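Descriptive structure summary
Chain by chain, the residues:
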Amino acid sequence: MTEPAFFVLAALVDAPRHGYGVVAEVADLSGGRVALKVGTLYGVLDRLVAEGAVAPDREETHQGRLRRYYRITDAGRDALAAEAARQAANAEAAAGRLRRYRPAGAGGAA
Amino acid sequence: MSPLERRYRRALRLLPDDYRRRWEEDMVATFLEAAYAAHPDGRDGVELGGPGRAELASVAGLALRLRLGGDGAPARAVLWGAAVRRVALVGLLAGTVTGVVGAGAAVWAGLGPAPPPAEFGSTWQILWRLSALLWLPAFAALLTGHRRAAAGTAAAAFLPALAGAAAALAGTGGAFALSTGYGVLFDALPLAALAAFHADAPAVRHRPWMWAAAGGVLALPAYTALARTVPGGDAVVPLLTDWAGLWCAGLTAAAVVGLASRGRGLGRPPWRRALLVLGLAAAGLRLTSLADHLRFSAPVVPAHLPALVGLLQLGALVAALAALAGTARGPRDRPAGGRAASAAHQPIGSASPSV
């Protein structure tokens, strides 16, 4: 799973969101590190909808423009949970190594 | 409609029609909302501007992935993506084979007991020849999935050829300008085709391509040695062994193998498209270089022989390609609707390339 797809799914976990809502939520979730461009977002959304991980939720009109909301599906939630577990395991493995690390001069294992 | 919206919608025309029908209004709404949110105090100023470079790049990248598809893309896009990736791979393969063979010849000429033949000339020319070896790491990087490294190294390998063409154009007062200019465009084709190796592109099966490179390194000297035995001497040999001649020979052979494979190997749809694209480009290379050869090269006896040989090369290539294109009418060629896997949707390299 790519990082943009991961964040888009994560942004939809608590509530359906429209396009800009996803962009803003992803920026918030990533601490401002991931600034989704519109072309990237809709490439990811198109793929996630095709895979059944995301589905259209409803449409609303806001200031004369259509807002289409998307929601995460059960399959999308499962995929996100599996990916989060994988990343957490990777992070824990690396963190464990770092905790046990002692510089060679400090008498620990290098 | 504000100028900003108009400009953004113009950029969205890069996207395939069916994709645009599904997503355009949504994309425009999201883009405008993001643009206004970024400048909460200056809505009017925002509306007079245009989309930023990063937004345009994201649309262009999306268009590329959709049109030259990878995994999960519509069947037609998958087919074209697979074909364009083959164009890039064949171009890098050809650069690798000629680079290795040329460097081998240069080293042999430079280290041998006899002085280097005149065609190898100075140390600079030998170094120049060795620079073509850069195609080898570019090709290897592409086979091993390092597409950025491949593109960078291939661009570096292309630069000496570009500089050489510029120097030749400046030094010859316009002679050979047509073939030199076209030659640069022809060599740039595989570089441009590297764009199809985007993040969604499937991995390349590297083993058949490695065998093809090894076979090419053995076959190229054999072919040139054989070409030198053809009756006609200086009237014929340059046309058989120049860059256009080598491409014509390789692609004609590949098209014949594709025809004989009856829908398998080089006869599969992405291979047919790749060979057609390369073949048309190579036909242009032969035509332009033949025209310049006839105009500017020293006259030979008999005078009609170079034109005859060049036209025969063109005729053979065009006939083989036309026959190959004629086989592209079967049911297996018709792209299935939606996101179906097609015959193209197999790892590149599942057929041994023969060029």
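Just above, that's the structure.
Described in the following lines is the structure provided in the data block. Just so we're clear, the structure is a prediction, and the values are computed from it rather than from any experiment.

The next point concerns the pattern of salt bridges. Charged atoms that come close allow side chains of opposite charge to pair. Evaluated as defined, the whole model comprises 20 salt bridges over all chains. Glutamate 33 of chain B is the partner of arginine 67 of chain A in a salt bridge, and the nearest nitrogen-oxygen pair spans 2.2 Å. In this pair, arginine 67 of chain A is assigned in strand 3 (residues 65–72) and glutamate 33 of chain B in helix 2 (residues 17–38), connecting two distinct chains. Take arginine 67 of chain A: its relative accessible area is 15%, and that puts it in the buried class.

Right, let's talk about the packing of helix 1 (residues 3–12) of chain B against helix 2 of chain B for a bit. Residues and elements named next belong to chain B. Direction vectors running N to C along helix 1 and helix 2 enclose 140°, while the axes themselves pass 10 Å from each other. The angle between helix 1 and helix 2 places the two elements in the oblique class. Every pair of crossing elements has a handedness; the one defined by helix 1 and helix 2 is right-handed. For the pair helix 1 and helix 2, contact is made by Leu4, Glu5, Tyr8, Arg9 and Leu12 and by Arg20, Glu24, Glu25, Met27, Val28, Phe31, Leu32 and Ala35, respectively. Looking at side-chain class alone, the contact of helix 1 with helix 2 contains eight nonpolar, no polar and five charged residues.

What follows is about the packing of helix 3 (residues 38–51) of chain A against helix 4 (residues 53–67) of chain B. Helix 4 of chain B packs onto helix 3 of chain A with a crossing angle of 35° between their chain directions and a minimal axis gap of 7 Å. For the pair helix 3 of chain A and helix 4 of chain B, contact is made by Val38, Gly39, Thr40, Gly43 and Asp46 of chain A and by Glu55, Ser58, Val59, Leu62 and Leu66 of chain B, respectively. Classifying every residue of the contact of helix 3 of chain A with helix 4 of chain B gives four nonpolar, four polar and two charged.

Another aspect to go through is the environment of leucine 66 of chain B. Checked against the element boundaries, leucine 66 of chain B lands in helix 4. According to the relative accessible area criterion, leucine 66 of chain B is buried, its value standing at 16%. For the pair leucine 66 of chain B and tyrosine 19 of chain B, spaced 47 residues apart in sequence, the C-alpha separation works out to 8.5 Å. Once residues within four sequence positions are removed from consideration, leucine 66 of chain B is found in contact with Asp46 of chain A together with Leu15, Pro16, Tyr19 and Ala77 of chain B.

What follows concerns the packing of aromatic side chains. This model, assessed by the stated rule, comprises nine aromatic pairs over all chains. Aromatic pair tryptophan 243 of chain B and tryptophan 247 of chain B: ring centres 5.8 Å apart, planes at 80°, arrangement edge-to-face. In this pair, tryptophan 243 of chain B and tryptophan 247 of chain B both sit in helix 12 (residues 243–260), four residues apart, roughly one turn of the helix. With relative accessibility at 30%, the residue tryptophan 243 of chain B sits in the partly exposed group. Note on tryptophan 247 of chain B: relative accessible area 7%, which makes it buried. Within the aromatic cluster, the residues linked to one another by ring pairs are Tyr42 and Tyr70 of chain A together with Tyr19 and Trp23 of chain B. The residue whose ring lies beneath arginine 58 of chain A is tyrosine 69 of chain A, and the NZ or CZ to ring-centre distance is 3.9 Å. Directly above the aromatic system of tryptophan 80 of chain B lies the positively charged group of arginine 273 of chain B, at a separation of 5.5 Å from the ring centroid.

In this section: the interface of chain B and chain A. Of the residues lining the interface, 26 residues belong to chain B; the matching set on chain A comes to 22 residues. Considering only the surface of chain B that becomes buried against chain A, Trp23, Thr30 and Glu33 of chain B emerge as the three largest contributors, covering 28% of it. Counting across the interface, chain B meets chain A through three salt bridges. Aspartate 46 of chain A is paired through a salt bridge with arginine 22 of chain B; the nearest N and O atoms lie 2.8 Å apart. Between the two partners, chain B and chain A, sit 11 residue pairs in polar contact (both at pLDDT 80 or more). Of all the elements, helix 2 of chain B adds the most residues to the side of chain B that touches chain A, at 13 residues.

Criteria and cut-off values
- Residues numbered from 1 in each chain as written.
- Chains lettered and ligands numbered in written order.
- Predicted model: local features only at pLDDT ≥ 70, side-chain atom pairs only at ≥ 80, totals over all residues.
- Heavy atoms only, no water.
- Salt bridge = Lys/Arg side-chain N within 4 Å of Asp/Glu carboxyl O.
- Helix = DSSP H or I, 4+ residues; strand = E, 2+ residues; numbered from the N terminus.
- Buried < 20%, exposed > 50% of the residue type's maximum accessible area, 1.4 Å probe, protein only.
- Axes fitted to C-alpha atoms, helices over the stretch in contact; angles between N-to-C directions.
- Parallel < 35°, antiparallel > 145°, perpendicular 65-115°, else oblique.
- Left-handed = near helix turned anticlockwise from the far one by under 90°.
- Contact = heavy atoms within 4.5 Å.
- Nonpolar A, V, L, I, M, F, W, Y, C, P; charged D, E, K, R; others polar.
- Phe/Tyr/Trp six-rings, centres within 6.5 Å; stacked < 30°, edge-to-face > 60°.
- Lys NZ or Arg CZ within 6 Å of the ring centre and 35° of its normal.
- Buried area = accessible area lost by both parts, 1.4 Å probe.
- Polar contact = N/O pair within 3.5 Å; in protein donor to acceptor, adjacent residues only side chain to side chain.

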